[in-house]
Amino acid sequence: MKKTVSTNNVIEKPIAPQRSFAEVLEVAVARRSVLQGGIGLAVVGIFGRPLSIRAQDSGDTNGETAPVIEFTPVTVQDAANQQHWPLISEDYDYDLILPWGEPIRPDGPAFTHPPSPDNQEVQIGIGHDGMWFFPHPEDIPNEDETSDDESTDTADDDDETEDLMNTRGVLVINHEFGSNSRVLDSDLPSNLDEVRASQHAHGVSVVSVERIDGKWQIVESEKSRRIHVNTPVTFSGPAAEHDLLKNRNEYEPKGTLNNCANGFTPWGTYLTCEENFHQYFSETPYSVENQRYGLTYTAGDSYGWFRRDSRFRLSSPLYPNEGNRFGWVVEIDPHDPNHVPVKHTALGRFRHEGAAVAVGQDDRIAVYMGDDTSNEYIYKYVNDESYKDVLEREESPLAAGQLYVARFDDDFTGEWLPLTLENEELADRFDDDADMLVHARIAADLLGATKMDRPEWITVAPNESVYCTLTGNSLKSEENAANPENPNDYGHIIRWKDADMHVGTTFEWDIFKLASSTQATEEMFGNPDGLYVDQDGRLFIQTDGGQGEGAREICNQLLVADTTSGDVYRLFTGVDDCEITGVAFTPDRKTMFINIQHPGWDNFETSLSTQEFPGIEGPNVPRDCTVVITRKDGGVVGS
């Protein structure tokens, strides 16, 4: 028998007396010498608001000195004076490419507005978000083929090959969402064709790109394709063939949607993450499980797909479990156009923001993931054995392993709590592993994991430190040391280091930066979202939310932080109402790709200058696009 879960889905347990955050910080200062040389601890104001939280000795570099960030940052005043067009450091250049609606092949149909479903199926989607750049395998130098008596000609060939892998490849871009008003120019779809056009605007774009005469552009390639809501997919792992993923006893899954952040694997594949999938489904029968995932009766009213496509009407006897088929991490092979995307159930079902992959001890894989909702959790998946051995058997390292959820303790240590039926509470609640993974949020509730302030992007540094953005939380359900502000209007960045090189079950943590501490400074930012740390320890921070107030209000931005000093520098700002998101680099890190999502979102009808953005030939409508960033002196981006 399953145990009944209360309406808030949490089994009540005795709560230990809470220490104030000031008391917690005093403990942290006392423990500083213990962690010296590890991830470091915070410098704070013990009595009152933290003055600044930054690393003391993060070790997040490959050398003995901190990485140097030498570019001239964009000032708050300059950013405040320019709201309708991007602004970048005077040491950098940028270009705007790959707008929503551009054909994924050079000879494809030109963008029209609103798009037809057939055209949108072979055009770049809307809501650009996470992405990654993959060089063509043939352009990557093969170190095994070099020898001690290598000739000058061979060396020249290697130089040419290295140049190729930095000037051409496959760019994979997530498309998180696109409202009906933006895609269809109407509040609701009036027929199935309009539903299909909206559906095809979601998903993922896989496009071959090349830098020609100094400008990146789409080139002809069989690798270019669109993956969307109606593309065939398959499942792996414990829930792959479970009844919870079947509709009317048929197993023909398809589609991915609300593709937010991402990840990439050591074996060269792309991970796209399904976030707010609940908002596409309506007429959902009530259950504790559906309620816990936001699958309510009216959740999908804003898109209205269910009115024309019964697949998104969960009251339909044909599709009772369609909602369970979303909320997964999906693996895509960027180089094989015939590869069927795989949804990995071992990684759990929730509103995935991203999937940061680390190679851990014994070549086991760790995947760090955030559930992007207020008061939700941070998870980690660890596979069972060396990923290389698994691949040799032509199996997936993401199909069999252990899923954990994080508990952050107020002594700046933490524990990864396993989702396993060896736990009596979980065994009482769930029928089997598949049931538990499909309802991973409920399992995490039962385990007493730490509720976080909207965990979003996660990134792993070369020294094994892991960083996560907590975008903010106005719906605080409890206070804890890892999320110290209530309400958390500005967000913060947390950092931890696992035991046993990513595969252990304990960790030590600190807070890298409270965005509230930057508000009266030139470092000012709020609501951190996108995140990436490079091999020199530069932390790239992207924002999605309010940036300053009054005369200091600016557009969302891309910043670069020194993980040793904690200093933050503003590299780029966007346009009205946009979000800055998505991070990708060429292998030499001299070209960076980011995205501008939903420009002119709030002023769609009135802001003419934003409607013209990105200034690319086509209909006069704001269009999400990709930004190419380079240093004027040809150096590494971020330096």
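Reading the values: the criteria
- Residues numbered from 1 in each chain as written.
- Predicted model: local features only at pLDDT ≥ 70, side-chain atom pairs only at ≥ 80, totals over all residues.
- Heavy atoms only, no water.
- Helix = DSSP H or I, 4+ residues; strand = E, 2+ residues; numbered from the N terminus.
- Buried < 20%, exposed > 50% of the residue type's maximum accessible area, 1.4 Å probe, protein only.
- Contact = heavy atoms within 4.5 Å.
- Areas by Shrake-Rupley, 256 points an atom, 1.4 Å probe, with all protein chains shown as cover.
- pLDDT = per-residue confidence, 0-100.
- Salt bridge = Lys/Arg side-chain N within 4 Å of Asp/Glu carboxyl O.
- Pairing = 2+ DSSP bridges.
- Core = buried A, V, L, I, M, F, W, Y, C linked by side-chain atoms within 4.5 Å.
- Phe/Tyr/Trp six-rings, centres within 6.5 Å; stacked < 30°, edge-to-face > 60°.
- Lys NZ or Arg CZ within 6 Å of the ring centre and 35° of its normal.
- Axes fitted to C-alpha atoms, helices over the stretch in contact; angles between N-to-C directions.
- Polar contact = N/O pair within 3.5 Å; in protein donor to acceptor, adjacent residues only side chain to side chain.
- Lys, Arg positive; Asp, Glu negative; His and termini not counted.

(A) Geometry of the overall build of the protein. Along the protein, the regular secondary structure elements total 13 helices and 30 strands. Across the 639 residues that make up the protein, the buried fraction comes to 59%. Partitioning the intrachain contacts of the protein with sequence separation of at least 6 by distance along the chain shows that 66% fall at a separation of at least 24. Total accessible area computed for the protein in this model is approximately 24,300 Å², and 45% of it derives from carbon and sulfur atoms.

(B) Seen up close, the confidence of the model for the protein. For the protein, mean pLDDT is 88; residues scoring 70 or higher make up 85% of the total. When the criterion is pLDDT under 50, residues 28-64 qualifies, and its contacts beyond four places in sequence or with other chains add up to 99 contacts. In this model residues 604-608 is a low-confidence stretch, pLDDT under 50, and it forms ten contacts with partners more than four residues away in sequence or in other chains.

(C) Structural context of the pattern of salt bridges. Counted by the stated rule, this structure contains 31 salt bridges. Between E456 and R454 there is a salt bridge whose closest N-O contact spans 2.9 Å. Residue class for R454 comes out partly exposed when judged on its relative accessible area of 26%. Each member of the salt-bridge network shares a partner with another, and the members are R292, D371, E376, R441 and D445.

(D) Examining the pairing of strand β13 (residues 356-359) more closely. Here β13 pairs with strand β14 (residues 365-370) via four bridges, running antiparallel. Residue pairing for β14: V359 is matched across the bridge by I365. Counting the residues between successive antiparallel strands, the hairpin from β13 to β14 contains five residues, one of them, D362, with a positive phi of roughly 60°.

(E) Region of interest: the environment of V233. Checked against the element boundaries, V233 lands in the loop between β7 (225-227) and β8 (234-236). In this structure V233 comes out as buried when scored by relative accessible area, which is 7%. Sequence separation of V233 and T256 is 23 residues, and the distance between their C-alpha atoms is 8.1 Å.

(F) Up close: the pairing of strand β23 (residues 506-514). Within β23, seven of the nine residues are buried, leaving the element largely enclosed by the surrounding structure. Taken together, the three bridges between strand β18 (residues 413-418) and β23 define a ladder with antiparallel strand orientation. Each bridged residue has a counterpart across the sheet, and for T413 the counterpart in β23 is E508. Where strand β22 (residues 492-498) and β23 come together, seven bridges link them in antiparallel fashion. Each bridged residue has a counterpart across the sheet, and for W496 the counterpart in β23 is W509.

(G) The nonpolar core, seen in detail. Formed by 48 residues in total, the largest nonpolar core has its most connected members in L171, L558, F572, M592 and I629. Excluding residues that lie within four positions of it along the chain, I629 makes contacts with I88, Y92, D93, Y94, L558, F572, K590, T591, M592, I594 and V637. The next biggest cluster of nonpolar side chains, apart from the first, holds 46 residues, and it includes L257, Y293, F306 and F350.

(H) The packing of aromatic side chains, seen in detail. Scanning the model with the defined rule gives 34 aromatic pairs in all. Considering the side-chain rings of F133 and F593, the 5.8 Å spacing of their centres and the 20° angle between planes classify their relative orientation as stacked. Of the two residues, F133 is situated in strand β3 (residues 128-134) and F593 in strand β29 (residues 592-597); the sequence distance between them amounts to 460 residues. Residue class for F593 comes out buried when judged on its relative accessible area of 0%. Considering the side-chain rings of Y377 and Y379, the 6.4 Å spacing of their centres and the 80° angle between planes classify their relative orientation as edge-to-face. Classification of Y377 by relative accessible area gives buried; the value is 1%. Members of the aromatic cluster, joined through ring pairs, are Y368, F408, F412, W416, W496, F507 and W509. Lying over the aromatic face of Y404, K380 brings its terminal NZ or CZ to 5.6 Å of the ring centre.

(I) Focus on the sheet that holds strand β11 (residues 329-332). Strand order in the open sheet made by the five strands is β8-β12-β11-β10-β9, with mixed pairing throughout. Each edge of the open sheet carries a strand with a single partner, namely β8 and β9 (259-264). Between one strand axis and the next, the sheet turns through 30° on average, direction left out of account. Looking at chain direction, β9 and strand β10 (residues 270-274) are connected through four bridges and run antiparallel. Within β10, the position partnered with N259 by the bridge is E274.

(J) Highlighting the side chain of H492. Considering the arrangement of structural elements, one finds H492 in strand β22. A relative accessible area of 0% means that H492 is categorised as buried. Within the structure, the side chain of H492 is placed 2.9 Å from the backbone oxygen of A482, a separation counted as a polar contact. Once you skip the residues sitting within four places of it in the chain, H492 turns out to touch D453, C468, T469, L470, A482, N483, P484, I511, K513, L514, A515 and P528.

(K) Layout of the side chain of E579. One can find E579 in strand β28 (residues 579-585). The buried charged residue E579 lacks any salt bridge partner; its closest oppositely charged side chain belongs to R454, at an N-O distance of 7.7 Å. Among all residues touching E579, those that are not within four sequence positions of it are D129, E176, D529, T543, D544, N556, N595, I596, Q597 and H598.

(L) Representation of the sheet that holds β28. Spatially, β2-β30-β29-β28 is the arrangement adopted by the four strands of the open sheet, whose pairing is antiparallel. A single partner strand is all that each edge strand has here, and the edge strands are β2 (92-97) and β28. Pairs of neighbouring strands in the sheet enclose a mean axial angle of 25°, with direction left out of account. The sheet contact formed by β28 and β29 spans five bridges and is antiparallel.

(M) Focus on helix α7 (residues 192-201). Those residues of α7 lying buried are V195, A197, S198, Q199, H200 and A201. The backbone nitrogen of D193 lies 3.1 Å from a side-chain oxygen of the residue at the head of α7, namely N191. Positive backbone phi, at 105°, marks G203, one or two positions downstream of α7.

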